[in-house]
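Now for the letters of each chain:
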Amino acid sequence: MIHIDKNNTYYILSSVQVAANVVKNLEREDFELLRVFASGLERHETLTRHQLVGYSKLHEDIVDYRLKGLQEMNLINKNNRGFTILNAGLDTFALKILAEKNIISGIGKPIGVGKESDVYEAVTDRQEERAVKFFRIGRISFREVTKKRSFALKEHDNTHHWLLVNISAAKKEVDMLQRLKNTGISIPLPLYRAMHCIAMNRINGARLVSVKDLEQPSIVLQNILLSVGIAYKNRIIHSDLSEYNVLVGETSCDTWIIDWPQAVTTDHPNAQQLLKRDVFNIVRFFNRRFAVGKNLDDALRDVLNSSSRT
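About the cut-offs
Each chain has its residues counted from 1, running along the sequence as written. The predicted origin of the model limits local features to residues at a pLDDT of at least 70 and limits the giving and counting of side-chain atom pairs to 80 or more, whereas totals for whole chains, interfaces and linings rest on all residues. As a rule here, side-chain values cover all heavy atoms of the structure and leave hydrogens and water aside. Under the scheme used here, helices are H or I runs from DSSP no shorter than 4 residues and strands are E runs no shorter than 2 residues, and both carry numbers assigned from the N terminus. What makes two residues a contact is simply this: any of their non-hydrogen atoms within 4.5 Å. Computed with the Shrake-Rupley method and a 1.4 Å probe, the accessible areas treat only the protein chains shown as cover for residues. Aromatic pairing here means that ring centres of Phe, Tyr or Trp (its six-membered ring) are within 6.5 Å. Orientation follows from the plane angle: under 30 degrees is stacked, over 60 is edge-to-face, and everything else is tilted. When accessible area is computed with a 1.4 Å probe and restricted to protein chains, residues below 20% of their type maximum are described as buried, those above 50% as exposed, and intermediate ones as partly exposed. When the NZ atom of lysine or the CZ atom of arginine is within 6 Å of a ring's centre and also within 35 degrees of its normal, the charge is said to sit over that ring. For two strands to be treated as a pair, DSSP must find at least two bridges joining them. Fitting a line to C-alpha atoms yields each axis, with helices limited to the stretch in contact; the angle taken between N-to-C directions then spans 0 to 180 degrees. By this rule, a helix spans an expected 1.5 Å times one less than how many residues it contains. Think of a salt bridge as a Lys or Arg side-chain nitrogen and an Asp or Glu carboxyl oxygen that are within 4 Å of each other. Values of pLDDT, the confidence the predictor places in each residue, fall between 0 and 100. Here the nonpolar core consists of buried residues drawn from Ala, Val, Leu, Ile, Met, Phe, Trp, Tyr and Cys, with membership extended through side-chain atoms lying within 4.5 Å.

1. Points about the overall build of the protein chain
Right, on to step 1. Within the protein chain, the secondary structure is distributed over 10 helices and 14 strands.
Right, on to step 2. Summarising the internal contacts of the protein chain: among those between residues at least 6 apart in sequence, 63% fall at separations of at least 24.
Right, on to step 3. Of the roughly 16100 Å² that the protein chain leaves accessible, carbon and sulfur atoms contribute 47%.

And the structure:
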């Protein structure tokens with residue numbers, strides 16, 4: 001959605017910003033239709049007007065009126081097969097769930113934008129800080145498709161698939177974080193999952209990739225490797241570990257490993273290769289950025305030894 005501010009400056013709102021702008025103004029009937037779309041995602045790529053009337057139990061005139069409004073707000077799309085929910089529509093429905101469950105009461109600016117997710121700051125009624133992570137897997141592929149296909153065909157071919165993928169990824173990450181919750185690893189604490197997004201405790205840290213100087217880089221690296229070893233002992237391998245998904249706190253020895261949706265268990269056929277790749281990725285970064293001089297094979301042995309000791 002294109003927004004024009006009071007200075008006539010044009011900029012494009014993210015789907016989360018669209019959702020945050022409209023969620024307070026939607027009526028019960030609007031959310032009932034969004035609920036029908038969201039609950040039917042696994043069974044239906046599109047929903048016809050007749051299906052929406054039947055599932056929502058709303059009068060057909062109300063459905064027609066509400067569908068028109070949801071289309072104008074770019075929450076749903078219409079194609080030649082019926083109606084589909086868009087990213088902003090699912091974002092809106094997820095925010096409504098989080099608000100109704102008293103998980104958050106407001107959402108703010110983005111605090112992390114990655115290849116496969118966007119993280120926004122949020123607060124509760126008690127002004128407690130939260131973070132809300134929206135999965136955006138397929139965003140790059142989605143943009144590539146737009147260069148080659150029409151908007152209507154793009155929506156029909158891709159949106160539904162990627163929404164399902166993102167819901168699955170959110171489920172996977174919550175599952176992995178719950179398994180690691182009491183192991184001693186510093187990780188985000190998941191508070192609630194709503195569709196494709198996860199509300200978590202807010203971590204006040206900087207991504208390792210953005211950190212130019214560390215007081216004790218060798219100790220930071222050892223803490224990370226220890227966490228990898230503990231996860232391995234608990235039969236979990238991150239499988240996407242890099243400087244982009246490690247957070248460093250104000251005291252550099254405070255580290256958190258984030259972004260676990262690609263994690264696998266140790267019975268995965270490529271478990272050893274994935275563990276080795278994780279270790280080598282993070283060690284190479286420390287050797288390059290902070291000149292710690294850590295031997296790659298020694299680091300892998302450290303991880304395996306720590307997993308057997310802890």
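2. Focus on the packing of aromatic side chains
Right, on to step 1. Summed over the entire model, instances satisfying the criterion amount to four aromatic pairs.
Right, on to step 2. A ring pair is formed by Phe285 and Phe286, whose centres lie 5.9 Å apart and whose planes are at 90°; its orientation type is edge-to-face.
Right, on to step 3. Between the aromatic rings of Phe285 and Phe290, the centroid separation amounts to 6.0 Å while the plane-to-plane angle is 85°, which identifies the pairing as edge-to-face. Each of the two residues, Phe285 as well as Phe290, counts as buried.
Right, on to step 4. Put simply, the rings of Phe285, Phe286 and Phe290 touch in pairs and so form one group of aromatic residues.
Right, on to step 5. Over the ring of Phe31 we find Lys96, and its NZ or CZ is 4.5 Å from the ring centre.

3. Side note on the sheet that holds strand S6 (residues 117–123)
Right, on to step 1. Pairing is antiparallel in the open sheet, where five strands are placed in the order S5-S6-S7-S9-S8. In this open sheet, the two edge strands, each paired with only one partner strand, are strand S5 (106–113) and strand S8 (190–194). Direction aside, neighbouring strands of the sheet carry axes that sit 25° apart on average.
Right, on to step 2. Where S8 and strand S9 (residues 197–201) come together, four bridges link them in antiparallel fashion. Across the sheet, Tyr192 pairs through a bridge with Ala199, a residue of S9.

4. Side note on helix H9 (residues 271–290)
Right, on to step 1. In this model, H9 (20 residues) spans 28 Å end to end at C-alpha, consistent with the 28 Å of a helix rising 1.5 Å per residue.
Right, on to step 2. The complete set of buried residues in H9 reads Ala271, Leu274, Leu275, Asp278, Val279, Phe280, Ile282, Val283, Phe285, Phe286 and Phe290.

5. Structural notes on unusual backbone geometry
Right, on to step 1. Of note in the backbone geometry, Gln127 takes a positive phi value of approximately 65° without being a glycine.
Right, on to step 2. You can see Gln127 is positioned in the loop between S6 and strand S7 (129–135).
Right, on to step 3. Judged by its relative accessible area of 57%, Gln127 is exposed.
Right, on to step 4. Positive phi values are uncommon outside glycine, yet Ala291 reaches one of about 55°.
Right, on to step 5. For Ala291, the location among the structural elements is in the loop between H9 and helix H10 (296–309).
Right, on to step 6. Given a relative accessible area of 63%, Ala291 falls into the exposed group.

6. Quick word on the pattern of salt bridges
Close approach of charged atoms allows side chains with opposite charge to pair.
Right, on to step 1. Under the criterion given, the structure shown has 19 salt bridges.
Right, on to step 2. With its nearest N and O atoms 3.5 Å apart, the salt bridge here joins Glu128 to Arg130.
Right, on to step 3. Residue classification places Arg130 among the buried residues on the basis of a relative accessible area of 17%.
Right, on to step 4. With a closest N to O distance of 2.7 Å, Glu173 and Lys133 form a salt bridge.

7. Some thoughts on the environment of Thr266
Right, on to step 1. Within the secondary structure, Thr266 sits in the loop between strand S14 (264–265) and H9.
Right, on to step 2. Sequence separation between Thr266 and Arg235 is 31 residues; the distance between their C-alpha atoms is 4.9 Å.
Right, on to step 3. With sequence-adjacent residues up to four places away left out, Thr266 is seen in contact with Tyr232, Arg235, Ile236, Ile237 and Ala271.

8. Description of the confidence of the model for the protein chain
Caution applies to low-pLDDT regions: their predicted coordinates should not be interpreted in detail.
Right, on to step 1. Put simply, the protein chain has an average pLDDT of 89, and 89% of its residues get 70 or more.
Right, on to step 2. Low pLDDT, under 50, characterises residues 1–11; the stretch is placed with 16 contacts to residues that sit more than four places away or in other chains.
Right, on to step 3. Predicted confidence is poor over residues 142–156, with pLDDT under 50, and the contacts of this stretch with residues over four places away or in other chains come to 18 contacts.

9. A look at the nonpolar core
Right, on to step 1. Ranked by size, the top nonpolar core spans 42 residues in total, and within it Leu34 and Leu52 carry the most contacts.
Right, on to step 2. It is helix H5 (residues 87–100) that contributes the most residues to this core, seven residues altogether.
Right, on to step 3. The residues touching Leu52, leaving out its near neighbours within four places in the chain, are Leu33, Val36, Phe37, Leu47, Val63, Leu67 and Phe83.
Right, on to step 4. Of all hydrophobic cores here, the second largest spans 38 residues; its members include Leu225, Val228, Ile236 and Phe286.

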